[in-house]
Amino acid sequence: MPQVYTFENFTVTFPAEYVAQVEINRPKKLNAFTEPMFHSLGAIFNRLSHDPDVRAVILTGNGDRAFTAGLDVQSASEGGIIVNKGKDLDAARKATLLRRHVQEYQDAVSAIEKCEKPVVAVCHGISYGLAIDMTTCCDIRICAKDTRFSVREVEIGLAADVGTLSRLPQSGISMSFVKDVALTARDFSAQEALQVGFVSGVYEDKKAAKGRALELATLISKKSPVAVQGTKEVINFSRDHTIADGLNYIKIWNASMVQTKDVEDSMLAGLKKTKPTFAKL
């Protein structure tokens, strides 16, 4: 049986065998993030990463209006995430405290990217700020046609510091578009996101997008977990290294990983026109 995941403002369900769905669950506040929610997000994906009953993950948001509106600015203004951190310390000590604080949130969001299991993001409605930070960590991004994206941070006087400015330029999108949306904080539509390659599919509504995400996650979950997790690892490594580095890494990786029974089972299933069953990993 799958592990129990009980976290405030998140709902974790298992809509299909080996598929987990993480739903941001604060719809009355447009799924905006408070400080404790960052810690929960990291804890959820760290646990999913090693859960043998999970092979693929869907990330979505509860409610009709928003995937997430990003940072809960009201909570932050009351002294939560930004304001009053080390206000009585000298500049160096205050900066050190803030740097460590930002690192905590970077680590929480990066847990999505570091999760060994592929993650499919399903955006809808308002998808601002943190929505970009989180979904650039995901392996596949799709959305409903009503989605409104925005790199929102300059609108509140900040340079985005949780991942967008590092990952968006690595997403295969033109630098002109990246700077366009990051410098202006303007909204961009689902269709524009598809056109530039930020998402790989746009669907009629949230229900249809979630349905497609479940199809993708289910398909992934039926493959060898050794093969799937290795593929994600090597793609992410190769994205950040030279071709020569990537070739060397997959050579070393597969020196151990091809020694799995999954290879034999996959080949025999192909020959016999049957569906293989793979052991948990």
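Please refer to the structure higher up on the page.
A brief structural summary. Note that this is a predicted model, so its numbers are computed, not measured.

### Observations regarding the overall build of the chain
1) Next: On a plain count of helices and strands, the chain comes out with 11 helices and 11 strands.
2) Next: Taken against the 2.2 N^0.38 rule, which gives 19 Å for 281 residues, the C-alpha radius of gyration of the chain at 20 Å falls within 12% of a compact globule.
3) Next: Each of the three principal axes of the chain carries a C-alpha extent, and together these read 65 × 40 × 40 Å.
4) Next: Within the span of the chain, comprising 281 residues, buried residues form 44% of the whole.
5) Next: Within the chain, contacts between residues separated by at least 24 positions form 69% of all contacts whose residues are at least 6 apart in sequence.
6) Next: Within the structure as shown, the chain displays about 14,400 Å² of accessible surface, and the carbon and sulfur contribution to it stands at 55%.
7) Next: Treating the 35 positive side-chain charges of the chain as one cloud and the 33 negative ones as another, the clouds have centres 3 Å apart.

### Some details on the sheet that holds strand S8 (residues 140–144)
1) Next: In space, the seven strands of this open sheet follow the order S1-S2-S3-S4-S6-S8-S11, with mixed pairing throughout. Each of the sheet's edge strands pairs with one partner strand only, and the pair in question is strand S1 (6–7) and strand S11 (201–203).
2) Next: Looking at chain direction, strand S3 (residues 19–24) and strand S4 (residues 56–61) are connected through six bridges and run parallel. Counterpart to Ala20 in the pairing with S4 is Val57.

### Examining the nonpolar core
1) Next: Judged by nonpolar contacts, the single largest core of 48 residues is most densely connected at Phe45, Leu48 and Met134.
2) Next: Looking at which element gives the most residues to this core, the answer is helix H1 (residues 35–50), with six residues.
3) Next: What Met134 contacts, discounting residues up to four positions off in sequence, is Ile24, Phe33, Leu41, Leu59, Phe67, Thr68, Val109 and Ile112.
4) Next: In terms of nonpolar packing, the next biggest core, distinct from the first, is built from 11 residues, Val122, Ile142, Ala217 and Val228 among them.

### Some details on the side chain of Asp265
1) Next: Among the secondary structure elements, Asp265 is positioned in helix H11 (residues 261–272).
2) Next: Of note is the side chain of Asp265, whose polar atom sits 2.9 Å from the side chain of Lys261.
3) Next: In this view, Asp265 contacts Pro276, Thr277 and Phe278; residues no more than four positions away in its chain are not counted.

### Side note on the sheet that holds strand S5 (residues 66–68)
1) Next: Within the open sheet, the four strands sit side by side as S5-S7-S9-S10. Their pairing is mixed. Whereas interior strands pair on both sides, the edge strands pair on one side only; in this sheet they are S5 and strand S10 (188–189).
2) Next: Across three bridges, strand S7 (residues 126–128) lies against strand S9 (residues 148–150) in parallel orientation. Within the sheet, the bridge partner assigned to Ile126 lies in S9 and is Arg148.

### A short note on helix H8 (residues 206–221)
1) Next: The terminal C-alpha atoms of H8 lie 22 Å apart, and with 16 residues this matches the ideal 22 Å at 1.5 Å per residue to within 8%.
2) Next: When we look at burial in H8, the residues that qualify are Lys206, Ala209, Ala213, Leu216, Ala217, Ile220 and Ser221. Buried positions in H8, seen along its axis, are confined to an arc of 135° and lie on one side of it.
3) Next: Turning to H8, the residues buried within the fold contact S3, S4, strand S6 (119–123), S8, S11 and helix H9 (225–239).

### Some remarks on the packing of aromatic side chains
1) Next: For the structure on display, the rule yields 10 aromatic pairs.
2) Next: When the centroid spacing of 4.5 Å and the interplanar angle of 75° are considered together, the rings of Phe38 and Tyr105 count as edge-to-face. Residue Phe38 is located in helix H1, and its partner Tyr105 is located in helix H3 (residues 91–114); the two are separated by 67 residues in the primary sequence.
3) Next: For Phe38, a relative accessible area of 5% translates into the label buried.
4) Next: Given a relative accessible area of 4%, Tyr105 falls into the buried group.
5) Next: Here the aromatic cluster, defined as three or more aromatic residues joined through ring pairs, consists of Phe10, Phe33, Phe38 and Tyr105.
6) Next: A cation sits over an aromatic face here: Arg55 above Tyr18, 3.7 Å from the ring centre.
7) Next: Sitting above the plane of the Tyr128 ring, Arg152 keeps its charged end 4.3 Å from the centroid.

Reading guide: rules and limits
In this numbering scheme, every chain counts its residues from 1 along its sequence in written order. Local features in this predicted model are restricted to residues whose pLDDT is 70 or higher, and side-chain atom pairs enter the listing and the counts only when it is 80 or higher, whereas totals over whole chains, interfaces and linings include all residues. For side-chain calculations, the full set of non-hydrogen atoms in the structure is used, while hydrogens and water are omitted. By definition, any uninterrupted DSSP run of H or I lasting at least four residues is a helix, any uninterrupted run of E lasting at least two residues is a strand, and each is numbered from the N terminus. The size measure is the radius of gyration over C-alpha atoms, and the globule rule it meets is 2.2 Å times the number of residues to the 0.38 power. The buried label goes to any residue with under 20% of its type's maximum accessible area, the exposed label to any with over 50%, and the partly exposed label to all in between, with areas taken from a 1.4 Å probe on protein chains only. What makes two residues a contact is simply this: any of their non-hydrogen atoms within 4.5 Å. For the accessible areas, the method is Shrake-Rupley and the probe is 1.4 Å, while residue cover comes only from the protein chains on display. Positive: Lys, Arg. Negative: Asp, Glu. His and the chain ends are not part of the count. Taken as the charge centre is NZ of Lys, CZ of Arg, CG of Asp or CD of Glu, depending on the residue. Note on pairing: DSSP must find at least two bridges between two strands before they are called paired. The nonpolar core is taken to be a set of buried Ala, Val, Leu, Ile, Met, Phe, Trp, Tyr and Cys residues, with the residues joined through side-chain atoms within 4.5 Å. In the analysis that follows, any N or O atom pair within 3.5 Å is treated as a polar contact, provided that within protein one partner can donate a hydrogen and the other can accept it, and provided that, for residues neighboring in sequence, both atoms belong to side chains. Given the number of residues in a helix, its expected span is that number minus one, multiplied by 1.5 Å. The arc under discussion is defined with respect to the helix axis, by the directions toward the C-beta atoms. Here the aromatic set is Phe, Tyr and Trp, taking the six-membered ring for Trp, and pairing holds for ring centres within 6.5 Å; pairs whose planes are under 30 degrees apart are stacked, those over 60 apart are edge-to-face, and all others are tilted. Two conditions define a charge located above a ring, namely a distance within 6 Å from the ring centre to NZ of Lys or CZ of Arg, and an angle within 35 degrees of the ring normal.

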